Amino acid sequence: TPVMRCAFRHVAMLVGEDLSESDLNESWKDRLMKIWFRRHAGRPCVFEHVFLGNQCQDSSGQPIAGGLHCWLKFYLEEVRGTANYLGYVYNVNPEDGL
C-alpha cells in the first residue's frame, strides 16, 4: 500500500540503507516484526507499549503507566477504574520526573 511504501522509505532512511521498491519482500516483513514485536533489555515491545501500556516507576518509586497511546484501550481502562486521566503534565525541568 502507499502507506507501507512510505514507511519502508522512512525506515530505509533511518537505518541508512539504500533500499529499492524491489526490497519489499520477506526481509521487509522481518524488519517490521523486529521493530514492532521484539523486546529490548526486558522492556515491552513497541506494540505492547503503544496499544497495551506498561507499568514503570517514577524517580520516587511511585508506579506510573507508560505508553498506552491507544485512546480506546485507555478508555476501556478508565471504564474499569484502572486508569484516571489527570491532565497533561509538563515539567520545565525533566530531572524532576512526573
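Overview of the structure. (Residues numbered from 1 in each chain as written. Predicted model: local features only at pLDDT ≥ 70, side-chain atom pairs only at ≥ 80, totals over all residues. Heavy atoms only, no water.)

### As for the environment of Leu 52
Here Leu 52 shows up in helix H3 (residues 46-52). Placed 17 residues apart in sequence, Leu 52 and His 69 show a C-alpha to C-alpha distance of 8.1 Å. Filtering out sequence-adjacent residues up to four positions away, Leu 52 remains in contact with Phe 47, Leu 68 and Lys 73. (Helix = DSSP H or I, 4+ residues; strand = E, 2+ residues; numbered from the N terminus. Contact = heavy atoms within 4.5 Å.)

### Re the pattern of salt bridges
Within the structure shown, the criterion is met by three salt bridges. Glu 77 is paired through a salt bridge with Lys 73; the nearest N and O atoms lie 2.5 Å apart. On the criterion of helical spacing, the pair formed by Glu 77 and Lys 73 is a turn pair, its members being four residues apart in helix H4 (residues 71-80). On the accessibility criterion, Lys 73 (23% relative accessible area) is partly exposed. Arg 80 is the partner of Glu 77 in a salt bridge, and the nearest nitrogen-oxygen pair spans 3.3 Å. Taken together, the positions of Glu 77 and Arg 80, both in helix H4 and three residues apart, correspond to about one turn of that helix. A residue is classified by how much of its surface remains accessible, and Glu 77, at 10% relative accessible area, is buried. Overall, Arg 80 belongs to the exposed group, its relative accessible area being 60%. Because the salt bridges share partners, they merge into one network encompassing Lys 73, Glu 77 and Arg 80. (Salt bridge = Lys/Arg side-chain N within 4 Å of Asp/Glu carboxyl O. Buried < 20%, exposed > 50% of the residue type's maximum accessible area, 1.4 Å probe, protein only.)

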